[in-house]
Amino acid sequence: MTQTKAVAPTAPASAPGFAIYVHWPFCLSKCPYCDFNSHVRDRVEQDRWRAALLTELDHYAAQTPGRTVTSIFFGGGTPSLMEPATVGAVIDRIGQRWSLDPAIEISLEANPTSVEAHKFQGFRGAGVNRVSLGIQALDDAALKFLGRQHSAGEALGAIELAARHFDRYSFDLIYARPGQTLKSWQAELDQALGLAADHLSVYQLTIEQGTQFATLHARGDFILPDDELAGELYELTQAHLSAAGMPSYEISNHARPGQASRHNLTYWRYGDYVGVGPGAHGRLTQDGRKWATRQAKAPETWLARVEADGHGTQETERVDPAARAEEMVMMGLRLAEGIPRRRFRDELGLEPEDLIDPVALGHLTEGGFVTLDADRLAATDAGRQRLNAVLAALLK
Amino acid sequence: MTDLSHIRNFSIVAHIDHGKSTLADRLIQHCGGLEAREMREQVLDSMDIERERGITIKAQTVRLTYKANDGQTYTLNLMDTPGHVDFAYEVSRSLAACEGSLLVVDASQGVEAQTLANVYQAMDAGHEIVPVLNKIDLPAAEPERIKRQIEDVIGLDASDAVEISAKTGLNIDKVLEALVARLPAPKGDAEAPLKALLVDSWYDAYLGVMILVRVRDGVLKSGMKIRMMNSNAMHTVERVGFFTPKAVLTGVLSPGEIGFITAGIKAVADTNVGDTITEERRPAAEPLPGFKPSVPVVFCGLFPVDANDYEHLRDSIAKLRLNDASFAAEAETSAALGFGFRVGCLGLLHLEIIQERLEREFNLDLITTAPSVVYHVYLNNGEMMQLHNPVDMPDPVKVERIEEPWIKATILVPDEYLGTILALCTERRGIQVDLTYAGNRAMLVYKLPLNEVVFDFYDRLKSVSRGYASFDYQIDHYEEGDLVVMNILVNHEPVDALGTIVHRSQADYRGRALVARLKDLIPPQLFQIAIQAALGGRVIARETVRAMRKDVLAKCYGGDISRKRKLLDKQKEGKKRMRQFGKVEIPQSAFLAALKMHDD
Ligand SMILES: Nc1nc2c(ncn2[C@@H]2O[C@H](COP(=O)(O)OP(=O)(O)OP(=O)(O)O)[C@@H](O)[C@H]2O)c(=O)[nH]1
Ligand SMILES: C[S@@+](CC[C@H](N)C(=O)[O-])C[C@H]1O[C@@H](n2cnc3c(N)ncnc32)[C@H](O)[C@@H]1O
Ligand code: SF4
Ligand SMILES: [Mg+2]
């Protein structure tokens, strides 16, 4: 980071913040479960891509004057394939176009192959202050099943390097894999706790349409834990990590108190965020209206558009008040903290009671799935575990 | 105007699938009614639903011109009729418009239950009958044996039955010659006051309400002022013509002829089938005998999935009634399902067709409740009420007795299945009336409660006989029964739309079956769900749907909230097909389960 503008006062800890997401759409290979906007290319012209990302940042900066950036997130794809200089240029440009919160969080998703791990120092120098590692599993057989490029040994090495260079790091695990038992998963969680700093993301394996796993699974090549076991694995995860001092602050995210990812909190608290890069999404409030932005998805299309038009925005869509309420509740109830009444007033000019069917709310509170008090609306542990059904009942 | 002696009017009657519509195809083709490129299989089955199911639902009339071997040209009016028992009313009306019938019998299957039912109807209508053995091309065809069977079972001389293949067209010319030679010409007086039978009516998107008529006496012309002798409605005739099967306008229909008219008719009430059409200026003295009204025997509720569709459903039912006079409908309200209609039909297939036509032709989404028969409930105060709907059952202390309808069923079945069929009939409270043999086929006559037939008898019959048993029935009489209302409770609240009336002896079996079926159909929800079947306050069967353990999107989608919202919207869309009962939602398929217990 070379220069930053004068800083605004730090927002209260519970404010949604204003975030910038930067998408890097390239990977060394495509993982069989993955439906993210990630592509394998022999060669990526880093200079062109860097220039295009900077151009698009300029475009959005012009639309969001006077905002103070509370977090930046490099996601993918595999942003650890970016050159540190590219990462640095992006961070610098953000500092030039917006003011930065002094406590700004700058995260980068990194894959744990040794090549990428050796760039950590460079990322640190470019201004990144937090990494999120795609560890996924801690044994070689599982990593092979998941089609990952790294071994369990490389994973451990990457975590060690991350710990050396960054005060804050996190890693991702995927569970409810074929053959996983409560016992084996508990052992894996114990091992993960020994390696973790203050944050862990633990995702249940999801079979996404159009992925290689979708085909293999449909063909019966592997069998996933049934709903009952998946439920038990989830409950085990919650209980075990809680007991270790890392309760879930969001359905799949665990942190020690105060160590939640600020960037992701912005999404869940339904704050504004700019999304740049192919397929990136954004939410921006202007004159009291909420807009959803989406960038062109295919990398080459996006690049060409930015070079031609100064931005690759595919769609800017008004989020109408009903959808806005739905989005805020849908995201907010994923958080243990729930949604403060103040947010309903600020965002929608309403009280939660104005949105929610009282009969359904009655059933859900009696059933112990939801609480609504003078302060906030929240889903209980049991409610978050069944959030789809809770939302469907609540938001009829 | 054709000379009466050169007209032949006939219906084609048979058991289901014995080849009536295919024979009609060949007759049309032979007489040049359609060109080759206009031809398709069972061309008269014009409704989508008929083509998909491969069955005829509505009778169709076609006029053919045939040059016979005697050198004369004849006008033939052919009426293709449905075979399934639920559409017997179509058959009876067609018979009333003709002097003769072609009785089609599949030469490999032989005489089946609806062969008997339909041929007896034709005999009652005073028809001359020409037996035709179809599907002679099949290796399994046994014309000699089937001829004997026709003689033994029906008592009809089959020595000069025509052996044909409607599929290949073999001997179609012989059928035509037999029609001309053996069927009587119609009678009628062109000079007498107009007397025409209203045989059928339907709604045509281009021409409006169309009426099919058979002229007895007088001449029906466009521009004529007519009166319906029973409903007293008056109209001016617009178009007059016949079908080849394409509509051809002639402006006039003479005695002995069958054809259609339009007369700017809007109301269903003005087109009662069986009515007599006469000329306003010079009316006939007496109407024709008309038809026995069709009496709906099976009732069920039809409710729109989307409550806003109620008005649309009402209008659609009115339109469909123009096409099918044999079903009845009255408004109904259900605590569970909201506003809808109680619809009365001639059988389960009829019910299914009505529902499907409403859904397809009028773009509706409907929920059907369990079908019920009509009970006669005698109250202590001497009154009798006709109960169409279990929810209307009066307080049991006010009820003196309940009578239920019984049917007389004829079942034809190969020997080897006789034992299981007898067991099935006994299980379903049947009483044997007769058992005779024709070759290796048994003909069983049973009295059975209609209630049991509506429940699952027909499906069971088909499955235990591997499809070889055929079945026909008529309503017979009413008889007292030990009948009780069986309620289905979801989390201890009765769901009115799932309530049924059952015989006490069958309650356990039905209660258990229904509750088990519902358990499989109600998806796990936030709350555990108790499903119970109860007679009064006594629970006779119970199942539990366990609460869901987990239901949440685990994966991170970054800032792609839109995608999450779409998933939620999709889920909400799916809930439209569910009905809320307290804390629980019941999918529409659960209501269907109450209907179909054995479709697996
Ligand atoms: N092999 C053979 N098959 C035939 C013949 N006639 C009809 N079929 C077949 O039998 C089936 C039933 O024929 P349809 O003409 O629809 O019978 P239907 O009597 O009109 O049936 P419903 O109207 O439903 O009572 C069809 O699959 C025909 O192709 C025939 O002469 N030979
Ligand atoms: C944006 S993704 C990929 C980040 C990075 N490229 C990597 O693979 O490590 C973030 C995380 O989502 C999780 N994830 C991706 N696809 C998943 C799936 N189908 N089921 C469960 N978790 C998934 C993985 O844990 C992954 O690390
Ligand atoms: S590395 Fe990450 S983004 Fe790339 S394909 Fe694998 S899971 Fe998807
Ligand atoms: Mg037919």
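Residues numbered from 1 in each chain as written. Chains lettered and ligands numbered in written order. Predicted model: local features only at pLDDT ≥ 70, side-chain atom pairs only at ≥ 80, totals over all residues.

**Q** Before we move on, could you go through the overall build of chain A and cite the residues and values that matter?
**A** Per the secondary structure count, chain A includes 17 helices and 15 strands. For chain A, whose C-alpha radius of gyration is 21 Å, the value lies close to the compact-globule estimate of 21 Å for 396 residues. Principal-axis analysis of the C-alpha atoms places the extent of chain A at approximately 55 × 55 × 40 Å. Across the 396 residues that make up chain A, the buried fraction comes to 47%. Considering only intrachain contacts with a sequence separation of at least 6, the fraction spanning at least 24 residues in chain A is 71%. (Helix = DSSP H or I, 4+ residues; strand = E, 2+ residues; numbered from the N terminus. Rg over C-alpha atoms; globule rule 2.2 N^0.38 Å. Buried ≥ 20, exposed ≤ 12 C-beta atoms within 10 Å, placed from the backbone. Contact = placed C-beta atoms within 7 Å.)

**Q** Tell me about the overall build of chain B, and name the residues and values.
**A** The secondary structure content of chain B amounts to 13 helices and 33 strands. The C-alpha radius of gyration of chain B comes to 27 Å, within 12% of the 25 Å expected for a compact globule of 600 residues. When its C-alpha atoms are laid out on the principal axes, chain B stretches across 80 × 65 × 55 Å. In chain B, buried positions account for 49% of the 600 residues. Partitioning the contacts of chain B with sequence separation of at least 6, the portion at a separation of at least 24 is 70%.

**Q** Any details on the site of ligand 2? Residues and values, ideally.
**A** Looking at ligand 2, there are 19 residues lining it, with Tyr 33, Gly 134, Asp 172, Tyr 203 and Thr 206 of chain A nearest. Chain contributions to the surroundings of ligand 2 come from chains A and B. Looking at the shell around ligand 2 residue by residue, the class counts come to seven nonpolar, eight polar and four charged. (Near = placed C-beta within 6 Å. Nonpolar A, V, L, I, M, F, W, Y, C, P; charged D, E, K, R; others polar.)

**Q** Tell me about the pairing of strand S2 (residues 68–76) of chain A, residues and numbers included.
**A** Residue and element names in this part refer to chain A. Of all nine residues in S2, eight are buried, a share of seventy percent or more. Pairing of strand S1 (residues 18–24) with S2 involves six bridges; the strand directions are parallel. Counted as the bridge partner of Tyr 21 is Phe 73 from S2. A crossover links S1 with its parallel partner S2, the connecting element being helix H1 (residues 46–63), and its sense is right-handed. Taken together, S2, helix H2 (residues 84–97) and strand S3 (residues 99–110) form a β-α-β motif whose crossover is right-handed. (Pairing = 2+ DSSP bridges. Right-handed = clockwise from strand over helix to strand, strands pointing away.)

**Q** An account of the site of ligand 1 is needed here, citing residue identities and associated values.
**A** Ligand 1 sits among 21 residues. The nearest are Gly 19, Ser 21, Ile 55, Thr 56 and Gly 83 of chain B. Looking at the shell around ligand 1, the element that brings in the most residues is helix H1 (residues 20–30) of chain B, giving three residues.

**Q** Now, about the sheet that holds strand S14 (residues 370–372) of chain A: what can you tell me, with residues and values included?
**A** Residue and element names in this part refer to chain A. With antiparallel pairing, three strands are arranged side by side in an open sheet as S13-S15-S14. Among the strands making up the open sheet, the edge pair consists of strand S13 (339–340) and S14. Inspection of the sheet shows S13 paired to strand S15 (residues 376–379) by two bridges, in the antiparallel sense. Residue pairing across strands places Pro 340 opposite Arg 376, the latter belonging to S15.

**Q** Could you give me a rundown of the interface of chain B and chain A, with the residues and numbers involved?
**A** With 24 residues of chain B in contact, the opposing surface of chain A contributes 38 residues. Residues of the side of chain B that touches chain A, tallied by class, amount to nine nonpolar, five polar and 10 charged.

**Q** Now, about H1 of chain A: what can you tell me, with residues and values included?
**A** Residue and element names in this part refer to chain A. In this model, H1 (18 residues) spans 26 Å end to end at C-alpha, consistent with the 26 Å of a helix rising 1.5 Å per residue. Buried within H1 are the following residues: Trp 49, Ala 52, Leu 53, Leu 54, Glu 56, Leu 57 and Tyr 60. Contact partners of the buried residues in H1: S1, H2, strand S9 (272–276) and helix H11 (299–309). (Expected span 1.5 Å × (residues − 1).)

**Q** A description of the sheet that holds strand S16 (residues 276–279) of chain B should follow, citing residues and the corresponding values.
**A** Residues and elements named next belong to chain B. Spatially, S11-S10-S16-S7-S8-S15-S12-S13 is the arrangement adopted by the eight strands of the open sheet, whose pairing is antiparallel. Looking along the sheet, the strands with just one partner apiece sit at the ends: strand S11 (234–236) and strand S13 (247–249). With strand direction ignored, the average angle separating the axes of adjacent strands in the sheet is 40°. Pairing analysis gives three bridges linking strand S10 (residues 225–228) to S11, with the strands arranged antiparallel. Residue pairing across strands places Ile 226 opposite His 235, the latter belonging to S11. (Axes fitted to C-alpha atoms, helices over the stretch in contact; angles between N-to-C directions.)

**Q** Tell me about the environment of Met 39 of chain B, residues and numbers included.
**A** Residue and element names in this part refer to chain B. Examined against the element boundaries, Met 39 turns out to sit in the loop between H1 and helix H2 (48–53). What makes Met 39 partly exposed here is the crowd of 13 C-beta atoms within 10 Å. The spatial distance from the C-alpha of Met 39 to the C-alpha of Val 298 is 37 Å, given a sequence separation of 259 residues.

**Q** Residue-level account of unusual backbone geometry, with values.
**A** All names here are of chain A. Cis geometry marks the peptide bond from Gly 76 to Gly 77, where omega comes out at 15°. As for its position among the elements, Gly 77 is in the loop between S2 and H2. Here the phi dihedral of Ala 176 falls at roughly 65°; this positive angle occurs in a residue that is not glycine. Checked against the element boundaries, Ala 176 lands in the loop between strand S5 (168–175) and helix H7 (182–195). A residue is classified by how many C-beta atoms lie within 10 Å of it, and Ala 176, with 22 of them, is buried. Here Tyr 270, not a glycine, exhibits a phi torsion of approximately 60°, which is positive. Within the secondary structure, Tyr 270 sits in the loop between helix H10 (262–268) and S9.

**Q** Provide a residue-level description of the packing of helix H17 (residues 387–394) of chain A against helix H12 (residues 561–575) of chain B, including the pertinent values.
**A** Between H17 of chain A and H12 of chain B, whose axes approach to 10 Å, the crossing angle comes to 65°. The interaxial crossing formed by H17 of chain A with H12 of chain B has right-handed handedness. Within the contact between the two elements, H17 of chain A uses Asn 388, Leu 391 and Ala 392 of chain A and H12 of chain B uses Leu 568, Gln 571, Lys 572 and Lys 575 of chain B. Grouping the amino acids of the contact of H17 of chain A with H12 of chain B by side-chain chemistry returns three nonpolar, two polar and two charged. (Left-handed = near helix turned anticlockwise from the far one by under 90°.)

**Q** Give a detailed account of the nonpolar core, specifying residues and quantitative values.
**A** Considering soluble globular proteins, one finds that nonpolar side chains tend to be buried as a cluster. Counting residues in hydrophobic clusters, the biggest one holds 274 residues, and the most contacted among them are Val 22 and Val 390 of chain A together with Leu 103, Val 132, Val 213, Leu 220 and Ile 411 of chain B. When residues of this core are assigned to domains, at least three map to each of domain 1 (18–267) and domain 2 (322–396) of chain A. (Core = buried A, V, L, I, M, F, W, Y, C linked by C-beta atoms within 7 Å. Domains from an automatic or database assignment.)

**Q** Summarise the pairing of strand S15 (residues 258–261) of chain B; cite the residues concerned and give the values.
**A** Residue and element names in this part refer to chain B. Side-chain alternation along S15 places Ile 258 and Phe 260 on one buried face and Gly 259 and Ile 261 on a second face that is also buried. With four bridges connecting them, strand S8 (residues 208–217) and S15 associate as antiparallel partners. Within S15, the residue paired with Arg 214 across the bridge is Ile 258. Relative to S15, strand S12 (residues 240–243) runs antiparallel, the two being bridged by two bridges. Within S15, the residue paired with Val 240 across the bridge is Ile 261.

**Q** Could you give an account of the confidence of the model for chain B, with specific residues and numbers?
**A** Averaged over all residues, the pLDDT of chain B is 89; the fraction at 70 or higher stands at 98%. By mean pLDDT, helix H13 (residues 588–595) of chain B is the weakest element of chain B at 69, and strand S4 (residues 100–106) of chain B is the strongest at 96. (pLDDT = per-residue confidence, 0-100.)

**Q** So what's going on with the domain arrangement of chain A? Residues and values would help.
**A** All names here are of chain A. According to the domain assignment, chain A consists of domain 1 (18–267) and domain 2 (322–396). For domain 1 and domain 2, the distance between their C-alpha centroids amounts to 28 Å. At the junction of the two partners, domain 1 supplies seven residues and domain 2 supplies eight residues. Mapped by element, the contributors of at least two residues to the side of domain 1 that touches domain 2 are helix H9 (227–243) and strand S7 (248–250). Ranked by the residues each element gives to the side of domain 1 that touches domain 2, the list is headed by S7, at three residues. Looking at the side of domain 1 that touches domain 2 residue by residue, the class counts come to four nonpolar, two polar and one charged.

**Q** I'd like a description of helix H4 (residues 113–124) of chain B, backed by residues and values.
**A** All names here are of chain B. Relative to the 16 Å expected for 12 residues at 1.5 Å per residue, H4 spans 17 Å between its end C-alpha atoms, a close match to the ideal helical length. Along H4, the residues classified as buried are Ala 113, Gln 114, Thr 115, Ala 117, Asn 118, Val 119 and Ala 122. Looking at the residues trailing H4, positive phi occurs at Gly 126, about 75°.

**Q** Can you explain the environment of Leu 346 of chain B? Please cite residues and give values.
**A** Residues and elements named next belong to chain B. Along the chain, Leu 346 turns up in the loop between strand S19 (338–345) and helix H8 (348–361). Here the alpha-carbon distance between Leu 346 and Val 297, two residues 49 residues apart in the chain, equals 5.5 Å. Beyond its immediate stretch of four places on either side in the chain, Leu 346 contacts Asp 86, Tyr 89, Ser 294, Pro 296, Val 297 and Ser 326.

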